Amino acid sequence: MAIDPGTLLAPGTTALVTQECQNGVIGKDAVLPALAEHTQGLIPAIDQLCRAARAAGVPVLHCLALRREDGRGANRNARMFGAAAKASVQLTPGSAAAEVADGIEVAPSDLVLTRYHGLGPMADTGLASVLRNLGVTTVVGVGVSLNVGMLNFAMDAVNAGFQFVVPRDAVAGFPPEYAEAVLANTLSAVATITTAEAVVEAWRS
């Protein structure tokens, strides 16, 4: 869909935020292999968006999930947290698995925020405050997963008063048919669903 760059995606009030785009999440060695199988093409699309955002003066933020080896500060109140604790790949601070995924450039102008808890990047992480300090009213959210993390991100962003935009080819979930259902039946009610190319074109214009 075409988007008016002077309104929803205006560079002065928009930010691009990547969610858990990490080597240990969407890379070759992933915590959740079933999800990683469906992220082919995600990294080039997200890197393209990052480059276009910087060229247009749109802030780029990378939100990373970390887990200490001793698990201190991590949630234990849902099955997925238990599964993450037992996974062969751990997102320990300073590890390659915890870093932004290979193929997605992190420029000096980018902001990187980390968390040890929660299902998404906005719960008590400071992200909302940072976005407001940047003058942001619209968030372009990319990454994983449409099952939990991106869904939580969108809801929290809308609850915090932000407009939310989802480029459908820069997000993923599993199985693919469920991810499509989430986009069509849930996220479409609270966010603007578009494509990476449409966002890039809006910023170029």
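Predicted model only: the values in this text are computed from it and were never measured. (Residues numbered from 1 in each chain as written. Predicted model: local features only at pLDDT ≥ 70, side-chain atom pairs only at ≥ 80, totals over all residues. Heavy atoms only, no water.)

Undergrad: Hey, could you go over the state of the cysteines for me, with residue numbers and the actual values?
TA: Applying the stated criterion across every chain, the model contains 0 disulfides. Lacking any disulfide linkage, C21 is separated from the closest cysteine sulfur, that of C50, by 7.9 Å. Here C63 stays unpaired: no disulfide links it, and the sulfur of C21, its closest cysteine neighbor, is 9.6 Å away. Residue classification places C63 among the buried positions, given a relative accessible area of 3%. (Disulfide = S-S within 2.5 Å. Buried < 20%, exposed > 50% of the residue type's maximum accessible area, 1.4 Å probe, protein only.)

Undergrad: Report on the environment of A191, specifying residues and quantitative values.
TA: Secondary-structure assignment places A191 in the loop between α7 (176-190) and β7 (192-194). A sequence separation of 28 residues divides A191 from Q163, and the C-alpha atoms of the two residues are 7.0 Å apart. Setting aside residues up to four positions removed in sequence, A191 forms contacts with F164 and V166. (Helix = DSSP H or I, 4+ residues; strand = E, 2+ residues; numbered from the N terminus. Contact = heavy atoms within 4.5 Å.)

Undergrad: An account of the packing of aromatic side chains is needed here, citing residue identities and associated values.
TA: Here the structure, examined in full by the defined rule, presents 1 aromatic pair. On the basis of an interplanar angle of 75° and a centroid distance of 4.9 Å, the ring pair of F153 and F164 is categorised as edge-to-face. Here the residue F153 occupies a position in helix α6 (residues 149-159), and F164 occupies one in strand β5 (residues 163-167), the gap between them amounting to 11 residues. Accessibility expressed as a relative area gives 0% for F153, which makes it buried. (Phe/Tyr/Trp six-rings, centres within 6.5 Å; stacked < 30°, edge-to-face > 60°.)

Undergrad: How would you explain the side chain of T138 if you had to name every residue and give the values?
TA: Mapping T138 onto the fold places it in strand β4 (residues 138-144). For T138, the residues in contact, after removing those within four places along its chain, are L8, L9, T13, T14, A15, Q163 and V165.

Undergrad: Now, about the pairing of strand β1 (residues 14-19): what can you tell me, with residues and values included?
TA: With 6 of 6 residues buried, β1 lies mostly within the body of the structure. The two faces of β1 match: T14, L16 and T18 on one face and A15, V17 and Q19 on the other face are all buried. Bridge count between β1 and β4: 6 bridges; the pairing is parallel. Its bridge partner being in β4, V17 is matched across the sheet by G141. Bridge analysis of β1 against strand β2 (residues 60-65) gives 4 bridges, and the strand direction is parallel. (Pairing = 2+ DSSP bridges.)

Undergrad: Provide a residue-level description of the pattern of salt bridges, including the pertinent values.
TA: Pairing is possible between side chains that carry opposite charge, provided their charged atoms lie close to one another. In the structure shown here, the tally under the stated rule is 9 salt bridges. With its nearest N and O atoms 3.8 Å apart, the salt bridge here joins R54 to E105. One end of the pair, R54, is in helix α3 (residues 42-56); the other, E105, is in the loop between α4 (79-86) and β3 (111-115), with 51 residues separating them in the sequence. The salt bridge involving E201 is made with R204; its shortest N-O contact spans 2.9 Å. With E201 and R204 both in helix α8 (residues 196-204) and 3 residues apart, this pair spans about one turn of that helix. Under the relative-accessibility criterion, E201 is labelled partly exposed at 40%. (Salt bridge = Lys/Arg side-chain N within 4 Å of Asp/Glu carboxyl O.)

Undergrad: So what's going on with empty space enclosed by the protein? Residues and values would help.
TA: Evaluation of the coordinates by the stated rule reveals 1 cavity of 30 Å³ or more. Lining of the largest cavity is provided by C63, L64, L113, T114, R115, P121, T125 and L127. Secondary-structure elements contributing two or more residues to the lining of the largest cavity are β2 and β3. Sorting elements by how many residues they give to the lining of the largest cavity places β3 first, with 3 residues. When the residues that make up the lining of the largest cavity are grouped by side-chain class, the tally is 5 nonpolar, 2 polar and 1 charged. (1 Å grid on protein atoms, 1.4 Å probe; cavity = no way out; pocket = protein on both sides within 12 Å on 5 of 7 lines; lining within 4 Å. Points joined across faces, edges and corners; volume = space filled by probe spheres on them. Nonpolar A, V, L, I, M, F, W, Y, C, P; charged D, E, K, R; others polar.)

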